[in-house]
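Each chain is listed here by its residues.
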Amino acid sequence: MNLKDKIDFTKLPKHLAIIMDGNGRWAKKQGLLRTLGHESGTKSVKSNIESCAKIGIEFLTLYAFSTENWNRPKLEIETLMRILIRSLKKELKTLQDNNIKLNAIGNLTQLPKSAQIELLDVIEKTKNNTRMTLTLALSYGSREEIVNAVKNISDKVKNNIISIDSIDDSIINEHLYTQNLPEVDLLIRTSGEHRISNFLLWQIAYAELYFTNILWPDFKEEDLYEAIISYQKRERRFGKTSEQIK
């Protein structure tokens, strides 16, 4: 029996998020340049997107480039942007063939104009796809997202569009980049690091966290299934007792 056969398809995480970490360390282990690690990581991106769509994940969010990543060496940033543009062009057919809708969150105006154009083109061409929503977090930082939400809500209070008393979880959700996405059920991080790294801080309030030592380029279909099986073995109580859940 392979791992896929052990998955309970009635208890899949609706929204799966992944911190794709370890490309640079993978390359170093192979005696290669860091940029080649990022190139290799794109194969795992494609494989995991297709695997998620195949088993019925409705929402998949990938941490592709953080606000902090702008501090990396210029050559590495330029390489990452080239990989992004090339991947968008190359994988449009894969998205269409698998009925996957592309979405993007983050401060997208910071991306090079060529990347913005390609990204918006693929988003437009896949907007009617319904099998799965793939969200790329690009130039994304959760603290920045929350600060922007606070500013926007404050401005609406100032202009009497909403009242302070009406502010609740739903109001905050409406002002986040992820306003059209459900809360995260399962967050996976590869490479052995046990950090959230400023990713979806509000949205993972009740997410199950799964950490693996596998470096992202080596994270394959069976590894994804293992994470989902681990998730399905956990009791999600949301503040209730085990007896209440049962």
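Note: the structure precedes this text.
Residues numbered from 1 in each chain as written. Predicted model: local features only at pLDDT ≥ 70, side-chain atom pairs only at ≥ 80, totals over all residues. Heavy atoms only, no water.

S.K.: Requested: an account of the packing of aromatic side chains, with residues and values cited.
M.R.: Remark: the centre distance and the inter-plane angle together describe each pair of aromatic rings, the angle taken between the planes. Evaluated as defined, the whole model comprises six aromatic pairs. Between the aromatic rings of Y140 and F199, the centroid separation amounts to 6.0 Å while the plane-to-plane angle is 85°, which identifies the pairing as edge-to-face. Pair noted here: Y140 is in strand β4 (residues 132-140) and F199 is in the loop between β5 (186-189) and β6 (208-211), with a separation of 59 residues, a long-range link. Across the pair, F199 and Y140 agree in class, each one buried. (Phe/Tyr/Trp six-rings, centres within 6.5 Å; stacked < 30°, edge-to-face > 60°. Helix = DSSP H or I, 4+ residues; strand = E, 2+ residues; numbered from the N terminus. Buried < 20%, exposed > 50% of the residue type's maximum accessible area, 1.4 Å probe, protein only.)

S.K.: Provide a residue-level description of the environment of R237, including the pertinent values.
M.R.: You can see R237 is positioned in the loop between α7 (221-232) and α8 (242-245). Taking the C-alpha atoms as reference, R237 lies 29 Å from D21; in sequence the two are 216 residues apart.

S.K.: Could you give an account of the environment of L181, with specific residues and numbers?
M.R.: On the secondary structure map, L181 appears in the loop between α6 (169-174) and β5. Among the residues examined, L181 registers a relative accessible area of 14% and is labelled buried. Separated by 122 residues in the primary sequence, L181 and F59 place their C-alpha atoms 7.6 Å from one another. If near-sequence neighbours (up to four positions away) are discounted, L181 is found in contact with H15, F59, T61, N103, T133 and T135. (Contact = heavy atoms within 4.5 Å.)

S.K.: Now, about the packing of helix α2 (residues 34-55) against helix α3 (residues 74-97): what can you tell me, with residues and values included?
M.R.: Here α2 crosses α3 at 30°, and the two axes come no closer than 10 Å. One finds that α2 runs roughly parallel with respect to α3. α2 and α3 meet at a crossing whose hand is right-handed. Note on element contacts: α3 touches α2 through E76, T79, L80, I83, R86, S87, E91 and T94, opposite R34, T35, H38, E39, T42, K46 and E50. Tallied by class, residues from the contact of α2 with α3 come to two nonpolar, six polar and seven charged. (Axes fitted to C-alpha atoms, helices over the stretch in contact; angles between N-to-C directions. Parallel < 35°, antiparallel > 145°, perpendicular 65-115°, else oblique. Left-handed = near helix turned anticlockwise from the far one by under 90°. Nonpolar A, V, L, I, M, F, W, Y, C, P; charged D, E, K, R; others polar.)

S.K.: Lay out a negative patch on the surface in plain terms, naming residues and giving numbers.
M.R.: A contiguous patch of negative charge on the surface is contributed by D168, D169, E174 and E183. Residue placement: E174 occurs in helix α6. (Patch = residues over 30% accessible without salt bridge, like charges linked within 9 Å, V, L, I, M, F, W, Y side chains within 5 Å. Areas by Shrake-Rupley, 256 points an atom, 1.4 Å probe, with all protein chains shown as cover. Salt bridge = Lys/Arg side-chain N within 4 Å of Asp/Glu carboxyl O. Lys, Arg positive; Asp, Glu negative; His and termini not counted. Charge placed at Lys NZ, Arg CZ, Asp CG, Glu CD.)

S.K.: Describe in detail the sheet that holds β5, supporting the description with residues and values.
M.R.: Strands sit in the order β3-β4-β2-β1-β5-β6 across an open sheet of six strands; the sheet is parallel. Only two strands of the sheet have a single partner each, and these edge strands are β3 (100-105) and β6. Pairs of neighbouring strands in the sheet enclose a mean axial angle of 20°, with direction left out of account. Sheet strands touched by α3: β2 (59-66), β3 and β4. Its angle to β4, the strand with the most contacts, is close to 165°. (Pairing = 2+ DSSP bridges.)

S.K.: Let's hear about the pairing of β6: which residues, and what values?
M.R.: A regular strand places its side chains on the two faces of the sheet in alternate fashion. In β6, alternate side chains face the same way, and those of E208 and Y210 are buried while those of L209 and F211 on the opposite face are not. Where β5 meets β6, four bridges bridge the pair, whose relative direction is parallel. From the neighbouring strand, R189 faces β6, where its bridge partner is F211.

S.K.: Tell me about unusual backbone geometry, residues and numbers included.
M.R.: The backbone of S191 shows a phi angle near 90°, a positive value even though the residue is not glycine. With respect to the helices, strands and loops of the structure, S191 is situated in the loop between β5 and β6. Accessibility expressed as a relative area gives 9% for S191, which makes it buried. Notably, S197 is not glycine yet its phi reads approximately 55°, a positive angle.

S.K.: Describe in detail the nonpolar core, supporting the description with residues and values.
M.R.: Ranked by internal contacts, the top residues of the largest apolar core, which has 44 residues, are L16, L60, L134 and I188. It is α3 that provides the largest number of residues to this core, a total of eight residues. With near-sequence residues (within four places) excluded, L60 lies in contact with H15, L16, I18, N48, I49, C52, M132, T133, L134 and T135. One finds I105, V184, L187 and A207 within the second-largest nonpolar core, a separate group that totals 13 residues. (Core = buried A, V, L, I, M, F, W, Y, C linked by side-chain atoms within 4.5 Å.)

S.K.: An account of the pairing of β2 is needed here, citing residue identities and associated values.
M.R.: Among the eight residues that make up β2, seven are buried, leaving the element largely enclosed by the rest of the structure. Note: strand β1 (residues 15-19) against β2, five bridges, orientation parallel. Along β2, the bridge assignment pairs H15 with F59.

S.K.: Can you tell me about the pattern of salt bridges, naming the residues and giving the values?
M.R.: Using the criterion set out here, one finds 16 salt bridges in the structure. Across the salt bridge formed by D21 and R25, the nearest N and O atoms sit 3.0 Å from each other. For D21, a relative accessible area of 15% corresponds to the buried category. D121 serves as the salt-bridge partner of K125, at 3.1 Å between the closest nitrogen and oxygen. Separated by four residues within a single helix, K125 and D121 lie in helix α4 (residues 113-125), roughly one turn from each other. Here D121 falls in the partly exposed class, since its relative accessible area comes to 29%. Linked by salt bridges that have partners in common, D21, R25, R189, E193 and R195 make up one network.

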